[in-house]
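# Working through the structure, step by step
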Amino acid sequence: MFAVEMNNVSVYIGDRQILKEVTLRTPYNTVFVIMGPSGSGKTTLLRVINRLIDLVEGARVEGFVKVLNFDALHSDPYELRKYIGMVFQVPNPFPHLTIYENVAVAAKINGVAKSKRELDEVVKWALEKAMLWDEVKDRLYDHPHKLSGGQRQRLCLARALAMKPRLLLLDEPTANIDPVNARKLEEAIVSLKDEVTVVMVTHSPHQAARVADYVAVLYDGRVVEQGPAQQLFLRPSTEIAQKLLRGEI
Amino acid sequence: MFSKRDKLFFLSLLPLSISLLAVLVVSVTTIALRSLDALQHFGLALFASSIWNPEREVYGLLAPVIGSLTTSAIALLTALILSIPLAITIAEYLQGALKSVVSSIVELMGGMPTIVYAVWASQYLVPFLKQFAMEPLHSALPFIPLFSCKPVTGFSVFAAGVAIGISIVPYVTTLILEAYQSIPVMYREACYGIGATRYESIKILLSLARPAIIAALVLGFARALGETTIAVTTVGNSMYLSSCLFAPGYTVSALIASQFANAYLYQYAETVLYSSILVVVLIAIALSFYGSTTIVRWRLRVVV
């Protein structure tokens, strides 16, 4: 049983083929990292999983995608997304909501909390899991523009966690934040495995090495190699993976 | 910083580009100067009663000023009820050709001469409202002062408000649509990233756009204040001040439109009319300023 299972998935945007017969399997409760140089199709791959690809005009997906127990390409995308949280490259907390409300809104619309007390607990739990609680517990009613970029990104992680997702998608979550915050985020990600399955996209082999249980290497729309992280980092079998690890592509 | 040719070009644009600003300054100044006589002669008492009796040189502008504010408030409510659903339908549910057709129709309606609305409203809307809104409201809730009078002809503050409201729907819808569609896609993605359905996303995005929507309504209110043709054909043109919305009333614009032609015959009629314009213009300018700066500030905060 896998959280995400893709068989021969190809994605076209207009005439351009972005993904080429991708096949991969993500075991439950692991951190699965998709690694590859920019332009290799990582983000597109991630967006097939929760059907955000639908927002791209002219996009066409072929193949078979199973996400949790959904036949993802033929399910109601809104129903599917109820189980999938996502954190994006650029931190995007809702600017008009307070820190508390940003997290609470995710819990509320997914029916995670019924009473105010339960809601308070979920918000605290999510902020703790995202390693942000200590920094914001005294200013939950500030707006997110008062936070640093890294804090904003952890707020987005907390928001995604508050919906109690079964699958968490992270699209280069540390790309736009400083190294200290990036480390905190990585720490948080690793500690999440008990609760969710994480699929994360990164172009940094170092980051992949720090967090991944499984790695898939994506290059020019193809998965060129995949497997347990340790094995792949110690003995990469393809030239592309070797080059990527040496930082040559 | 500028080349010589750039400078010349800029200097040639300058007089034309500031002429509109000049029109505003000159017209407001003129209105203020022309209203001085009335304000000095009658003082603030001018706005404390409702009389229009030029033969005896007795004037009171309370009814038209209150009428203008009331009709505009009803117009605002009407526009609110019609514009937000329309904007959401266009932005979220219509696609492709249908979307552009509907947006074009909205724009077309915004450019339509108000006389078209005025004739339609006086012939069809007023009797319709009388039968299906005013009479039912009066019989169901006669104890509420706003609905306490039986509509006689239907021409009333209420009818004028609804008619003017319908005429500003295209304008307000366009403003709301612009704000809504300028919300960066990353916030829409954020909604989907927490499992929001389409309805829940719309709710979140609307609340994100709330300041801009309020500003759009304020701008609509300012526009409703100045609406003349529709007001004069539907409001009933009576100086009678009533707490009931179904009684005929006046608005400042309607008063001016119907009285200005003969006002020169009397000593104070003209300057009194000018002072009534002054009140409306000052309110409209203040509201427009508030509305447009709010939208700009919102854009800077959310969009950029």
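Described in the following lines is the structure provided in the data block. (Residues numbered from 1 in each chain as written. Chains lettered and ligands numbered in written order. Predicted model: local features only at pLDDT ≥ 70, side-chain atom pairs only at ≥ 80, totals over all residues. Heavy atoms only, no water.)

All right, on to unusual backbone geometry then. Residues and elements named next belong to chain A. Even without being a glycine, Lys164 presents a positive backbone phi close to 50 degrees. Here Lys164 falls in the partly exposed class, since its relative accessible area comes to 45%. Here the phi dihedral of Asp220 falls at roughly 50 degrees; this positive angle occurs in a residue that is not glycine. Positionally, Asp220 belongs in the loop between strand 9 (214–219) and strand 10 (222–228). (Buried < 20%, exposed > 50% of the residue type's maximum accessible area, 1.4 Å probe, protein only. Helix = DSSP H or I, 4+ residues; strand = E, 2+ residues; numbered from the N terminus.)

Residue and element names in this part refer to chain A. A full pass over the atoms with the stated rule returns 23 salt bridges over all chains. Notably, a salt bridge pairs Glu62 with Arg60, separated by 2.9 Å at the nearest N-O pair. Relative accessible area serves as the criterion here: at 41%, Arg60 is assigned to the partly exposed category. Here Glu186 and Arg183 are joined by a salt bridge, their closest N and O atoms 3.9 Å apart. One end of the pair, Glu186, and the other, Arg183, are both in helix 7 (residues 179–190), three residues apart, so they sit about a helical turn from each other. Residue Arg183 is classed as partly exposed on the basis of its relative accessible area, which comes to 48%. (Salt bridge = Lys/Arg side-chain N within 4 Å of Asp/Glu carboxyl O.)

The next subject is the interface of chain B and chain A. Listed by partner, the interface residues are 18 residues for chain B and 23 residues for chain A. Overall, the association of chain B and chain A removes approximately 1,900 Å² of surface from exposure, summing both partners, and the carbon and sulfur fraction of that is 68%. Broken down residue by residue, the surface that chain B buries against chain A is led by B:Glu189, B:Tyr192 and B:Ile194, which jointly contribute 34%. The interface formed by chain B and chain A contains two salt bridges. (Contact = heavy atoms within 4.5 Å. Buried area = accessible area lost by both parts, 1.4 Å probe.)

Geometry of an aromatic ring pair is reported as the spacing of the ring centres plus the angle between the planes. With the rule as written, the count across this model stands at ten aromatic pairs over all chains. Centre to centre, the rings of A:Tyr78 and B:Tyr192 are 5.7 Å apart; their planes meet at 70 degrees, and the pair counts as edge-to-face. Taken together, the residues A:Tyr78 in helix 2 (residues 77–81) and B:Tyr192 in helix 6 (residues 185–192) connect one chain to another. The interplanar angle of 65 degrees and the centroid separation of 5.0 Å between the aromatic rings of B:Trp52 and B:Tyr59 together place this pair among those described as edge-to-face. Taken individually, B:Trp52 and B:Tyr59 each receive the classification buried, so the pair is uniform in this respect. Of note, A:Arg25 hangs over the ring of A:Phe2, and the distance from its end group to the ring centre comes to 5.9 Å. Directly above the ring of B:Tyr192 sits A:Arg81, whose terminal nitrogen or CZ lies 4.6 Å from the centroid. (Phe/Tyr/Trp six-rings, centres within 6.5 Å; stacked < 30°, edge-to-face > 60°. Lys NZ or Arg CZ within 6 Å of the ring centre and 35° of its normal.)

Shape descriptors only; they carry no functional weight alone.
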